[in-house]
Amino acid sequence: ASYEAAYSAKATEAWVVDAATGKPIEGVIAVAHWELSAGAMKARSRLVQLKILETVTDKEGRLFFPAWGPERNPSMIGYIEDNDPGIILFKSGYAPRFLQNRLEARAGALRQSDWSGKTIALARPADNEQRYLREFQVLNQEWRSIVEDKPDCNRKKIPRMLRAVYAERLAMVGKG
């Protein structure tokens, strides 16, 4: 990873399908985020979310994040991780999915997702309710980490994800 004064990203387009049937899934909420970090290896710390985008898949299961930038790097020491962007996929009735680029050098100001042009499968959770609960807890931790650095601003950027996670949490409480 290297520091850049500003970053941009190419558009990302992918298709989400049911792992068992191969059919497109409409209504999957997808959040992409590009995070600035500082330091190296174990001493790395998160600084701020440089960019957060949210979208929902259409009837064909298509998700699309538009190109963006340049966005000024507000930190003189921050850099975007090599595995950016992080992408979170969620739809009630399916196990959440977390995507990142392969861990390899992607130095430079223009960023690109490995998932662009790909088909992404979402699986129904196993009948094991405890496993689904663990997966859902990981989802909660992920979105919290996205909104914790600037709670007021970043929550407004992912309203669909927050509503869906809250509704799923209420449904789980109703079952218990």
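Residues numbered from 1 in each chain as written. Predicted model: local features only at pLDDT ≥ 70, side-chain atom pairs only at ≥ 80, totals over all residues. Heavy atoms only, no water.

**Quick look at the pairing of strand 1 (residues 6-9)**
No. 1: Examined bridge by bridge, strand 1 and strand 6 (residues 68-72) share three bridges and lie antiparallel to one another. Across the sheet, Ala 9 pairs through a bridge with Trp 68, a residue of strand 6.
No. 2: Inspection of the sheet shows strand 1 paired to strand 10 (residues 110-111) by two bridges, in the parallel sense. Looking at the pairing, Ala 9 lines up with Arg 111 of strand 10. (Pairing = 2+ DSSP bridges. Helix = DSSP H or I, 4+ residues; strand = E, 2+ residues; numbered from the N terminus.)

**Quick word on the sheet that holds strand 1**
No. 1: Taken in spatial order, the three strands line up as 6-1-10 in an open sheet, and their pairing is mixed. Of all the strands in the sheet, just strand 6 and strand 10 have a single pairing partner and so form its edges.

**Observations concerning a nonpolar patch on the surface**
No. 1: Taken together, the side chains of Tyr 3, Leu 47, Met 76 and Ile 77 make up a nonpolar region of the molecular surface, amounting to roughly 420 Å² of accessible area.
No. 2: Topologically, Tyr 3 is positioned in the segment before strand 1. (Patch = residues over 30% accessible without salt bridge, like charges linked within 9 Å, V, L, I, M, F, W, Y side chains within 5 Å. Areas by Shrake-Rupley, 256 points an atom, 1.4 Å probe, with all protein chains shown as cover. Salt bridge = Lys/Arg side-chain N within 4 Å of Asp/Glu carboxyl O.)

**A short note on the pairing of strand 8 (residues 86-90)**
No. 1: Most of strand 8 sits inside the fold, with five of its five residues counted as buried.
No. 2: Alignment of strand 8 against strand 9 (residues 97-99), held across three bridges, turns out to be antiparallel. Looking at strand 9, one finds that Leu 89 is bridged to Arg 97.
No. 3: Hairpin connection, strand 8 to strand 9: the antiparallel pair is bridged by six residues, and Gly 93 has positive phi, about 95°. (Buried < 20%, exposed > 50% of the residue type's maximum accessible area, 1.4 Å probe, protein only.)

What is shown is where atoms sit, not what they do.
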